[in-house]
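What follows is the residue order along each chain.
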Amino acid sequence: MRGQGFTTVVSMTGLLALWVLASFLTADPEILPQPWLLLPDFAKAIGSGELLFHLGATLYRVVWAFALSMGIGIALGLAMGRFPAFNQWFDPWLVIFLNLPALVLIVLCYLWIGLNETAAILAVTLNKIPNVTTVIREGTRALDPQLDAMARVYRLSWFERMHHIVLPQLAPFIAASARTGVAVIWKIVLVVEFLGRSSGIGFKIHLYFQLFNVSMVLVYAFSFIAIMLLIEWAVLQPWERRVTRWRTA
Amino acid sequence: MRGQGFTTVVSMTGLLALWVLASFLTADPEILPQPWLLLPDFAKAIGSGELLFHLGATLYRVVWAFALSMGIGIALGLAMGRFPAFNQWFDPWLVIFLNLPALVLIVLCYLWIGLNETAAILAVTLNKIPNVTTVIREGTRALDPQLDAMARVYRLSWFERMHHIVLPQLAPFIAASARTGVAVIWKIVLVVEFLGRSSGIGFKIHLYFQLFNVSMVLVYAFSFIAIMLLIEWAVLQPWERRVTRWRTA
Amino acid sequence: MIRIDLNSKRFGDTPVLGPISFTIAPGETVALVGPSGIGKSTLLRIVAGIDRKIDGRIVRPDGLAMVFQEPTLLPWRSAIDNLRAVHPGLSRETASEALSQVGLAGKEAMFPGQLSLGQQRRLALARAFCGDPELLVMDEPFVSLDAETAETMLALTETLIAHHRPSTLFVTHSRAEAVRLAQRILTLEPGPQGAVLGPEQIRQVRTGTSRPTGVVTAFPKP
Amino acid sequence: MIRIDLNSKRFGDTPVLGPISFTIAPGETVALVGPSGIGKSTLLRIVAGIDRKIDGRIVRPDGLAMVFQEPTLLPWRSAIDNLRAVHPGLSRETASEALSQVGLAGKEAMFPGQLSLGQQRRLALARAFCGDPELLVMDEPFVSLDAETAETMLALTETLIAHHRPSTLFVTHSRAEAVRLAQRILTLEPGPQGAVLGPEQIRQVRTGTSRPTGVVTAFPKP
Amino acid sequence: QDLPTVRLATLEIGTVNWELATITENGFDEANGFNLDITSYADNDATRIAVEGGEADVAVADWIWVARQRAAGKDYVFVPYSTAVGSLLVPGDSTAESLADLRGGKIGIAGGPLDKSWLILRAYAQKEYGFDLAAETEQVYGAPPLIFKSGLGGDYEGVVNFWHFLAKMKAAGMKELVSVETAGEALGLNTDTPLLGYYFKESFLEENPGIAQALFDASRDAKELLASSDEAWEAIRPQMNANDDAQFQQLKTDFLSGVPERGPVDIEAAGKMLSLMAELGGEELVGEASSVPDGLFADVK
Ligand SMILES: Nc1ncnc2c1ncn2[C@@H]1O[C@H](COP(=O)(O)OP(=O)(O)OP(=O)(O)O)[C@@H](O)[C@H]1O
Ligand SMILES: Nc1ncnc2c1ncn2[C@@H]1O[C@H](COP(=O)(O)OP(=O)(O)OP(=O)(O)O)[C@@H](O)[C@H]1O
Ligand SMILES: [Mg+2]
Ligand SMILES: [Mg+2]
């Protein structure tokens, strides 16, 4: 644990050094400012309370969209992986929704529901569900039939089967789709926010991009990334360590 | 096989019916036109050769970005899943790049390399690699140590180990990241194209979107989706059937 | 009463089992023997209701316990949780007690991957014995065990059967085991349309209550 | 010459094997016996170089073949491909021949999941026998087989050993097997710091060339 | 005290905000009998979705786009706001003296092939020098900030961008080769025809009679104040994103020169403009608006 903390610090420092180098080579603070040049902007954004406000707005959307799309996506993925008939029916839908441009779904949601929080969250959720479904479906297809037979013989309830047999086997797939999930959600939230919200990191990033204020773009981007690193270390990795303990024991 | 074809046709018809219904309820062809209203626009876009030209441009980028990001992503994912030390070093980088807004990477690529094809493809690839890496890393961690022991005892070469032991186990993860991969790539290509390319589906969709020409937006979106459905049926599903034959035999 | 009335079982075009009919009375123990690959496990899976793609009819009670040919444990659950996941009513103490009966005392917290194969098999036995099954199905339950451990397990099985009197069907390659536990021995042998039953062997009726002596007492119940 | 010089092997804080030293001469066959869970498989994995987290020194040749306690096949490769994946030089014909030697003729195209457990174990045996190992390590190679099949496999093993004269170390719970195949029998028994070797049993030197009779001939080579 | 509320969706960084801020700060909205309620978005498209989705009553667009929408059946009505148009800039050290000198060069264009300034410049090149600008140069389309930045880096022989970026580029030493205004005049267009304006839904105007005139009056009040008062400029300077005085002055000058004459839109001139656009941009650009749709321009004086 100690060693790991140290590695992480060194590794992050390395990344920072890379940034400094790239920035030095670019030699144009308008394109890629040195990291320390962000500090005043960061202080300003924090000081004015803007950063926290927009971060809050974005996180609110991300959390909702994440919970909804993971929940629905896992359920659909399980169903499609388990029941080939169901899969045959909805497989084309999945491909279509998977490849429907985010823009189209977002605009339709806004126009149907209005430019409000519900539409924004729904748009992100709809964009993300097919991704989760696809990943979980693969995982479900790889479930061990022997353990299913065991569960059947001992007549485990649906809940027990999920808890003891299905979810542990899906853990790597769930972890993968949770990690990439947040990333995809976040990419879509940015579009959702610049297309129809007046708050959120995406809104600010787009604004500052249009002003070509790269430094502020980076300040906002890194605030979100910092939160994600925190979640990774405080939630995801401990969870993963716990559920994969049996592999390394 | 026959039954499946039938199901697919009925299922797609169902989706079409849903569209007709939604469009009927929306009652505004500017927001969601009836499917048949797209036909003249489609004919026009095909007739002028524009559709094929832009589809070609986008596919070119998607194929390149896909091949590059899958190749590099799988290699990185394997390395990070296999070697905990390597993982400890680069895990924070992964989280950061995973959550770096597409916009930031795209703009940096364009500004560094110029508004050209290389920059566009690189931007998409960089955006996608972390996703693939994350998924494959989970898969690699779930590899069966018993089979590794077997490979070691019988001194299989690196290539044989990959071919017979590692890749078959990673197949569900590769399938998942290929499917969601194209979807993510495509979402990013759209942004890349509207930010700095003069061709491609994303360029056109954005153009028509600015003109509020939903019908043309849909024509272009569905052309790409049609290609994806084709790839799904002609490439991905047969491949998947072949590599998972052992599960159902 | 358990009744098997199988016309045939085929995998794709290959017939594996031909016409097979037999019954098992409540409390009766039946051994199934036959060469490797003849179809014993297939028949057991049919009897247990795991494989339903058959041409035939099976009558069987609901309360079932099965020892698979491979341990089939949950690798992500500790030894004790492997019992408790399958028998939700089981208390920690009873589960611990069950583990020590199969010689796994002190290994409660170990994951199956940390156990030797013999230990895993005993864990699977404990799992089957923890319920109160009306039908007990076992596929080579005592292999991979040294003679002494096998003897303990056999004795334990005898006690369980004597106490709860489930109908029992088990596969073995060991004549000694078959003769010791079973009242009847069924043999699978090749037939023209897949394996069929050969002549049945009936063991002498048990002499009195030949309860096993010594360490093993009744298996703990939830 | 194979030389094992183990001081100790522990999993975390638990010592499993204590100080253990022995050698196996070229062409010599050694059986390893001991109760379930004592550490036989652990020792075998150490000898085979799979487990290197040990305090001790192992000298062993490179050319190794191993039969694991569980079949450890590639579920996604057909029976014949399971042989050819591991032995890239093996021709289709030789591989087929090897399959029929272990009684799997005609099952070339089947996936391991379509084979019975006994068939899978025989496939694993064929896989080990296909190479030309200097050291052959086997963990309970003949369980889950009926008497007749087991006899065929034993005879096959004898032939292989007689022909290629690998050093052989194998685990068994069956005295008969141990006595039949091995020149020396090592016993693992509990010690204060993990299992240690008990008194060694040396079998009478083989009488002449007691080559097995009948069906089994030399195992095909690539 | 029950003034009607006008909900206006605006691009937060749009120059229209300078006028809007002046309106609200000086109470020109209430003085003209309405309450202005401004919602900012990060993208132009967002403001249009807001109007279409009923979240706002007014947004800003060019009238050709509004005409296209109106011809397609939307009840949009246009109130003029600015004549500001772009120009084509060349690097400070460029030797080009006319569009003809750009032959074989690269031109960076913000927006896309249907950008109005670009279309007018193409027509101008055709008329004046007899060559197809699009065919004989290479165009690089990109997002305005990217064109701005790479243009400053000297990637292009010529740059067409939105006017506030142009102002900054001029402040950074690039020079104007030809303005769209000049080009328009040469093509016989009335350059007083305001290109940009507010657009309402007609239904909203019917519910609130006189509201178009009221907004127009407030807009004029703000423009007059800005034309005469430096303080008014200082008040909005924080939101102008000017990095230095040069940029600030350039932005101010360009903004003021884009203030149109007060009065109704000259329909005939507009018709001429539209037919030119239809010719150059084709149906892609103007849709079914082959002529100025009736009732497109609000009747404001
Ligand atoms: N990863 C591990 N962590 C902790 N203990 C372990 C681990 N692997 C094995 N053990 C312990 O080591 C001991 C020896 O295991 P091993 O598999 O070598 O036994 P064995 O002699 O082969 O038994 P069997 O005849 O049942 O196969 C067992 O008690 C087991 O619990
Ligand atoms: N899915 C399948 N597809 C085709 N054949 C199969 C399938 N499953 C089993 N078989 C065949 O059915 C036969 C019987 O298998 P089964 O596992 O019942 O044998 P068994 O009598 O239990 O053998 P063992 O003693 O080796 O465990 C085998 O020959 C096997 O190849
Ligand atoms: Mg079997
Ligand atoms: Mg063992």
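Note that this is a predicted model, so its numbers are computed, not measured.

Participant: How do you make sense of the overall build of chain A when you look at a structure like this?
Facilitator: Across its full length, chain A holds 11 helices and 0 strands. Reading chain A from its N end, one meets helices and strands in the order α-α-α-α-α-α-α-α-α-α-α. For chain A, the C-alpha atoms occupy an extent of roughly 65 × 55 × 30 Å along the three principal directions. Taking all 249 residues of chain A together, the buried fraction comes to 60%. For chain A, the proportion of contacts with a sequence separation of at least 24, taken over those separated by at least 6, is 73%. Accessible surface computed for chain A: about 9800 Å², of which carbon and sulfur atoms make up 73%.

Participant: Got a minute to help me understand the coordination of the magnesium ion (ligand 3) in this structure?
Facilitator: Ideal values for angles at a metal depend on the geometry: 109.5 degrees with four tetrahedral donors, 90 or 180 degrees with six octahedral donors. Residue and element names in this part refer to chain C. Donor atoms from the polypeptide that coordinate the magnesium ion (ligand 3) comprise Ser-41 (OG) and Gln-69 (OE1), at 1.8 to 2.2 Å from the metal. Of this pair, Ser-41 sits in helix H1 (residues 40-47) while Gln-69 sits in the loop between strand S6 (64-67) and helix H2 (79-86), and the two are 28 residues apart along the sequence. Take Gln-69: its relative accessible area is 13%, and that puts it in the buried class.

Participant: Would you take a moment to explain helix H2 (residues 79-86) of chain D for this structure?
Facilitator: Residues three or four positions apart in an α-helix share a direction because the helix packs 3.6 residues into each turn. Most of H2(D) is tucked away: 6 of the 8 residues are buried. For H2(D), the set of buried residues is Ala79(D), Ile80(D), Asn82(D), Leu83(D), Ala85(D) and Val86(D). In this fold, the buried residues of H2(D) make contact with helix H7 (145-153) and helix H8 (158-196) of chain B together with helix H3 (92-101) and helix H4 (117-130) of chain D.

Participant: Just checking my understanding: could you explain the interface of chain B and chain E for this structure?
Facilitator: Reports often express the size of an interface as the amount of accessible area lost when the parts come together. The partner chain E presents 23 residues to the 24 residues of chain B that form the contact. Considering only the surface of chain B that becomes buried against chain E, Leu115(B), Leu211(B) and Phe212(B) emerge as the three largest contributors, covering 31% of it. Applying the counting rule to chain B against chain E returns 0 salt bridges. One can count 0 residue pairs in polar contact (both at pLDDT 80 or more) joining chain B with chain E. When contributions to the side of chain B that touches chain E are tallied by element, the ones reaching two or more residues are helix H5 (102-113), H8 and helix H9 (201-210) of chain B.

Participant: Sorry if this is basic, but what is going on with the side chain of Asn87(B) here?
Facilitator: Summarising the element assignment, Asn87(B) is placed in helix H4 (residues 84-99). Among residues more than four places away in sequence, those in contact with Asn87(B) are Met80(B), Arg137(B) and Arg141(B).

Participant: Is there a simple way to think about the site of ligand 2 in this case?
Facilitator: Among the 22 residues in the neighbourhood of ligand 2, the closest are listed as Gly37(C), Lys40(C), Ser41(C), Thr42(C) and Ser116(D). Ligand 2 sits at the junction of chains B, C and D, each of which supplies nearby residues. A distance of 2.7 Å separates an oxygen atom of ligand 2 from a polar atom in the backbone of Gly37(C). Backbone polar atom of Gly118(D) to an oxygen atom of ligand 2: 2.8 Å apart, as the coordinates give it. If ligand 2 stood free it would expose 650 Å²; the protein chains cover 91% of that surface. Secondary-structure elements contributing two or more residues to the shell around ligand 2 are H1 of chain C together with H4 of chain D. Each residue belonging to the shell around ligand 2 can be placed in one class, and the counts come to 8 nonpolar, 11 polar and 3 charged.

Participant: Help me understand the site of ligand 1 in this model?
Facilitator: For ligand 1, the set of nearby residues contains 21 residues, the closest of which are Ser116(C), Lys40(D), Ser41(D), Thr42(D) and Gln69(D). In this structure ligand 1 sits where residues from chains A, C and D come together. In the environment of ligand 1, an oxygen atom lies 3.4 Å from a nitrogen or oxygen atom belonging to the side chain of Lys107(C). Between ligand 1 and Gly39(D) there is a distance of 2.9 Å, counted from an oxygen atom to a backbone nitrogen or oxygen. Breaking the shell around ligand 1 down by element, the ones donating at least two residues are helix H4 (117-130) of chain C together with helix H1 (40-47) of chain D. Of the residues contributing to the shell around ligand 1, the split by class is 7 nonpolar, 11 polar and 3 charged.

Participant: I keep staring at the sheet that holds strand S5 (residues 87-90) of chain E and nothing clicks. Help me out?
Facilitator: Backbone-to-backbone hydrogen bonds join strands into a sheet, with any given pair of strands oriented parallel or antiparallel. Residue and element names in this part refer to chain E. Reading across from one edge, S7-S6-S8-S5-S9 is the order of the 5 strands in this open sheet, with mixed pairing throughout. The open sheet has two edge strands with one neighbour each: strand S7 (138-142) and strand S9 (175-179). On average, adjacent strands in this sheet sit at an angle of 25 degrees to one another, irrespective of strand direction. The sheet contact formed by S5 and strand S8 (residues 158-160) spans 2 bridges and is antiparallel. Across the sheet, residue Leu-89 finds its bridge partner in S8, namely Val-159.

Participant: Looking at this structure, how should I read the interface of chain B and chain A?
Facilitator: Taken together, the contact between chain B and chain A spans 72 residues of the former and 71 residues of the latter. A combined buried area of about 6200 Å² lies between chain B and chain A, and 75% of that area is made up of carbon and sulfur atoms. Taken together, the links from chain B to chain A amount to 4 salt bridges. Between Glu240(A) and Arg141(B) there is a salt bridge whose closest N-O contact spans 3.4 Å. Here chain B is connected to chain A by 13 residue pairs in polar contact (both at pLDDT 80 or more). Listed by contribution, the elements that provide at least two residues to the side of chain B that touches chain A are helix H1 (2-26), H4, H5, helix H6 (117-141), H8, H9 and helix H10 (214-243) of chain B.

Participant: Looking at this structure, how should I read the relation of the copies chain B and chain A?
Facilitator: The operation relating chain B to chain A is a screw motion whose rotation component is 180 degrees, with 0.0 Å of axial translation and a residual RMSD of 0.1 Å. Such a combination of rotation and displacement between the chain copies is what one expects of a two-fold axis. Most of the interface of chain B is mirrored in chain A: 99% of its interface residues are interface residues there too.

Participant: In this structure, what is going on with the confidence of the model for chain E? I would like to understand it.
Facilitator: Do not read the predicted coordinates in detail wherever pLDDT is low. Per-chain confidence: chain E averages 85 in pLDDT, with 100% of residues scoring 70 or above. Across the assembled chains, the prediction reports ipTM 0.87 with pTM 0.89.

Participant: Can you walk me through the UniProt feature "domain: ABC transmembrane type-1" (unreviewed entry) in chain A in this structure?
Facilitator: Those residues carrying the UniProt feature "domain: ABC transmembrane type-1" (unreviewed entry) are residues 55-237 of chain A in this numbering. Taken end to end, residues 55-237 of chain A has its terminal C-alpha atoms 23 Å apart, with 89% of it in helix and 0% in strand.

Participant: Whenever I open this one, the pairing of strand S2 (residues 14-17) of chain D confuses me. Can you help?
Facilitator: Side-chain direction in a regular strand flips from residue to residue, so the side chains alternate between the two faces of the sheet. All names here are of chain D. Bridging between strand S1 (residues 2-11) and S2 involves 3 bridges; their strand directions are antiparallel. In the strand pairing of S2, Phe-11 is matched with Thr-14. Taken together, S1 and the strand that follows it, S2, pair antiparallel across an intervening segment of 2 residues, in which Gly-12 is found at a positive phi of about 60 degrees.

Participant: Before we go on, may I ask you to explain unusual backbone geometry in this structure?
Facilitator: Leaving glycine out, the prevailing phi sign among residues is negative, and the prevailing peptide bond configuration is trans. The phi torsion at Ser144(C) lies on the positive side, around 60 degrees, for a residue other than glycine. For Ser144(C), the position within the fold is in the loop between strand S7 (135-139) and helix H5 (147-164). Even without being glycine, Glu140(D) reaches a positive phi, approximately 50 degrees.

Participant: Where do I start with helix H7 (residues 144-152) of chain E in this structure?
Facilitator: Counting buried residues in H7(E) gives 8 out of 9 residues, a clear majority hidden from the surface. Count one or two residues on from H7(E) and you reach Gly154(E), which has phi positive near 80 degrees.

Participant: Can you help me understand the UniProt feature "transmembrane region" (unreviewed entry) in chain A in this one?
Facilitator: Residues and elements named next belong to chain A. Here the UniProt feature "transmembrane region" (unreviewed entry) sits at residues 62-81, 93-113 and 207-231. Annotation note: span residues 62-81, helix share 100%, strand share 0%, distance between end C-alpha atoms 27 Å. Overall, residues 207-231 shows 88% helix and 0% strand. The separation of its end C-alpha atoms is 27 Å.

Participant: What should I look at first to understand a negative patch on the surface in this one?
Facilitator: On the surface, Glu181(E), Glu185(E), Asp192(E) and Glu261(E) cluster together to form a negatively charged patch. Within the element layout of this structure, Glu261(E) appears in the loop between helix H13 (245-257) and helix H14 (267-286).

Participant: Please explain the packing of helix H10 (residues 214-243) of chain A against H4(B) as it appears in this structure.
Facilitator: Axes are the key here: two packed helices are described by the angle between their axes and the distance separating the axes. Look at H10(A) against H4(B): their axes get within 9 Å of each other, and the N-to-C directions meet at 130 degrees. Looking at the two axes, H10(A) sits oblique to H4(B). As H10(A) packs across H4(B), the resulting crossing turns out to be right-handed. Two secondary-structure elements touch here, H10(A) through Phe222(A), Phe224(A), Ile225(A), Met228(A), Leu229(A), Glu232(A), Trp233(A) and Gln237(A) and H4(B) through Asp91(B), Pro92(B), Val95(B), Ile96(B) and Asn99(B).

Participant: How do you make sense of the arrangement of the chains when you look at a structure like this?
Facilitator: Among the 6 pairs of chains in contact, the pair with the most contacts is chains A and B. One finds no contact linking chain B with chain C; the least C-alpha distance across the pair is 9 Å. Looking at chain C next to chain E, you find no contact at all, with the nearest C-alpha pair sitting 49 Å apart.

Participant: What am I meant to see in the nonpolar core here?
Facilitator: Nonpolar side chains in soluble globular proteins tend to be buried together. The biggest cluster of nonpolar side chains holds 180 residues, and the ones touching the most others in it are Leu195(A), Leu195(B), Trp63(E) and Leu99(E). Residue contacts for Leu195(B): discarding those within four places in its chain leaves Phe209(A), Leu103(B), Ile106(B), Val107(B), Tyr110(B), Leu115(B), Gly142(E), Ala143(E) and Leu146(E).

Calculation notes
Residues numbered from 1 in each chain as written. Chains lettered and ligands numbered in written order. Predicted model: local features only at pLDDT ≥ 70, side-chain atom pairs only at ≥ 80, totals over all residues. Heavy atoms only, no water. Helix = DSSP H or I, 4+ residues; strand = E, 2+ residues; numbered from the N terminus. Buried < 20%, exposed > 50% of the residue type's maximum accessible area, 1.4 Å probe, protein only. Contact = heavy atoms within 4.5 Å. Areas by Shrake-Rupley, 256 points an atom, 1.4 Å probe, with all protein chains shown as cover. Donors = N, O, S within 2.8 Å, 3.2 Å for Na, K, Ca; no water. Buried area = accessible area lost by both parts, 1.4 Å probe. Salt bridge = Lys/Arg side-chain N within 4 Å of Asp/Glu carboxyl O. Polar contact = N/O pair within 3.5 Å; in protein donor to acceptor, adjacent residues only side chain to side chain. Near = heavy atom within 4 Å. Nonpolar A, V, L, I, M, F, W, Y, C, P; charged D, E, K, R; others polar. Pairing = 2+ DSSP bridges. Axes fitted to C-alpha atoms, helices over the stretch in contact; angles between N-to-C directions. Least-squares fit on C-alpha atoms with pLDDT ≥ 70 in both. pLDDT = per-residue confidence, 0-100. UniProt positions renumbered as here; feature names shortened; annotations may be inferred. Patch = residues over 30% accessible without salt bridge, like charges linked within 9 Å, V, L, I, M, F, W, Y side chains within 5 Å. Lys, Arg positive; Asp, Glu negative; His and termini not counted. Charge placed at Lys NZ, Arg CZ, Asp CG, Glu CD. Parallel < 35°, antiparallel > 145°, perpendicular 65-115°, else oblique. Left-handed = near helix turned anticlockwise from the far one by under 90°. Core = buried A, V, L, I, M, F, W, Y, C linked by side-chain atoms within 4.5 Å.

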